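Tertiary structure, described
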Amino acid sequence: MVADKFVIVVNRHASIAELENLARRIIEDYENPAINTHKHEYLNLKIAICEIYDPSFSVGRVLHDASIGIDTLENYTSQDIIVFTHGIRNALLREETIEKAMISTIAGEHKEYLLLHYQPLFDVKTNNIVGFEALARLTIPDTGLVTPAEFINIAERRNLIFPLGNAILKEVFEFLRQLKDSGHSDVFVSVNISGLQLLRDEFVDAVRKIISSFPEGCKSLVFEITESVLVGNLEIANKNLKELRELGISIALDDFGTGYSSLAELCDMDINVLKIDHTFIGRIGQNDPIITQDIITMAHRLGLKVVAEGVESEQQMKYLTEHGCDIIQGYYISKPLSEHDAINFL
Ligand code: C2E
Ligand code: CA
Ligand code: CA
């Protein structure tokens, strides 16, 4: 292939396991330092196995698969052998389809691929729905519904998260305007912001541009960020958070309890809301839920509002209400809803 890449063609083999054994033996042969040199030079070998099972195979296709196999070994695993299977090829094709869909959504060619669902947030003290969390989905023809757990990760790796995040924010602003038009200007919308967005220098300017047609919407806007963004980047993150706060946007710390930051560290963060991760809520009624109670008390002492995520049962709801949690989110109240259903839910 090129420079330091070679192709070995094996004529006839009994099984993939036989090819894997052969690859293992080749790698073992190179485990000792190269001979015939005065220095100890090690060769770091990686082998991608592509099985040619189709008589109409093309050399180009096999080389292409082998290159992707090597690329996968170098970038995504610590293994030194990979069998390039149908599964890997399909996963890569799916990733490509999702990437293309995101690009065309961002370019405005297929805005309809991006869909926002809204999960109601219930205020325990007033017994009202006071807000929604915007949760993004993609609907791609022939692929179907793609969850954010899958495409946000791809967007982050493929450098698309910044423009995609802006497209999401624009939609959220449209929804805020609709809420206002239907007489619900007091209802807020919370939107997830990736660390890669928040830490970009241009982020605050991009937000300013998006809100310019409806600046009063900012007071009904919450940005959810995770603590992993803040760790190690506190200075730049806080600078941007401060500017966002000045625009009237509130900041919520998402998934609290899953990272490393302690309650003490919350004092250094420029935030207004704490969202307790669903893993804590899931423990209510099982083991000792004392920690959830302590988080609520401490957060209140720091002047933060507390949202409990992933509330699914009456027992959890009762516990959280008794311990002064401010806002409840979860299937017990409602699943995420379409824009239309969300407004009707109010
Ligand atoms: P998250 O911010 O922690 O969002 C909550 C997730 O929990 C949502 O999944 C929601 O549907 C789900 N959920 C809500 N209530 C319950 C419940 O009672 N039980 C259970 N088992 N699950 C519940 P979803 O919509 O699949 O979102 C997953 C993650 O994707 C989000 O986690 C968030 O990190 C990310 N995400 C979603 N939308 C966006 C977005 O617009 N931008 C960015 N950067 N990330 C997003
Ligand atoms: Ca969230
Ligand atoms: Ca969360």
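These numbers come from a predicted model, not from an experiment.

What about the site of ligand 1?
Surrounding ligand 1, one finds 19 residues, the nearest of these being Q119, R137, N192, E312 and Y331. In the environment of ligand 1, a nitrogen atom lies 3.0 Å from a nitrogen or oxygen atom belonging to the side chain of Q119. Contacts to ligand 1 include E133, whose side-chain N or O atom sits 3.2 Å from an oxygen atom. Considering ligand 1 on its own, with 800 Å² of exposed area, one finds that the protein chains cover 76% of that surface. Taken atom by atom, the bulk of ligand 1 overlaps the second largest pocket. Elements that contribute at least two residues to the shell around ligand 1 include exactly β4 (128-140), α4 (148-157) and β8 (250-256). Broken down by class, the residue content of the shell around ligand 1 amounts to 8 nonpolar, 5 polar and 6 charged.

A short note on the coordination of the calcium ion (ligand 3)
On the protein side, the calcium ion (ligand 3) has D254 (OD), D255 (OD), E309 (OE) and E309 (OE) as donor atoms, found 2.2 to 2.6 Å from it. Spacing between the donor residues of the calcium ion (ligand 3) along their common chain follows D-D-x53-E. Between the two metal centres, the calcium ion (ligand 3) and the calcium ion (ligand 2), the spacing is 3.8 Å, with D254 acting as a shared donor. Of the two residues, D254 sits in strand β8 while E309 sits in the loop between β10 (305-308) and α12 (314-322), which places them 55 residues apart along the sequence. Looking at D254, the relative accessible area reads 6%, which means it is buried.

Let's talk about the layout of surface pockets
In this structure, the largest pocket encloses a volume near 1,200 Å³. If you go around the largest pocket, you meet 33 residues; those closest to its centre are F6, V7, I8, I47 and A48. Around the second largest pocket, the lining is made up of 37 residues, and of these E133, L135, P148, N192 and D254 lie nearest the centre. Secondary-structure elements contributing two or more residues to the lining of the second largest pocket are β3 (114-123), β4, α4, α5 (161-181), β6 (188-192), α6 (195-198), β7 (221-226) and β8. Considered class by class, the residues forming the lining of the second largest pocket number 15 nonpolar, 13 polar and 9 charged.

Rules used in this analysis
Residues numbered from 1 in each chain as written. Chains lettered and ligands numbered in written order. Predicted model: local features only at pLDDT ≥ 70, side-chain atom pairs only at ≥ 80, totals over all residues. Heavy atoms only, no water. Near = heavy atom within 4 Å. Polar contact = N/O pair within 3.5 Å; in protein donor to acceptor, adjacent residues only side chain to side chain. Areas by Shrake-Rupley, 256 points an atom, 1.4 Å probe, with all protein chains shown as cover. 1 Å grid on protein atoms, 1.4 Å probe; cavity = no way out; pocket = protein on both sides within 12 Å on 5 of 7 lines; lining within 4 Å. Sits in = over half its atoms within 2 Å of the grid points. Helix = DSSP H or I, 4+ residues; strand = E, 2+ residues; numbered from the N terminus. Nonpolar A, V, L, I, M, F, W, Y, C, P; charged D, E, K, R; others polar. Donors = N, O, S within 2.8 Å, 3.2 Å for Na, K, Ca; no water. Buried < 20%, exposed > 50% of the residue type's maximum accessible area, 1.4 Å probe, protein only. Points joined across faces, edges and corners; volume = space filled by probe spheres on them.

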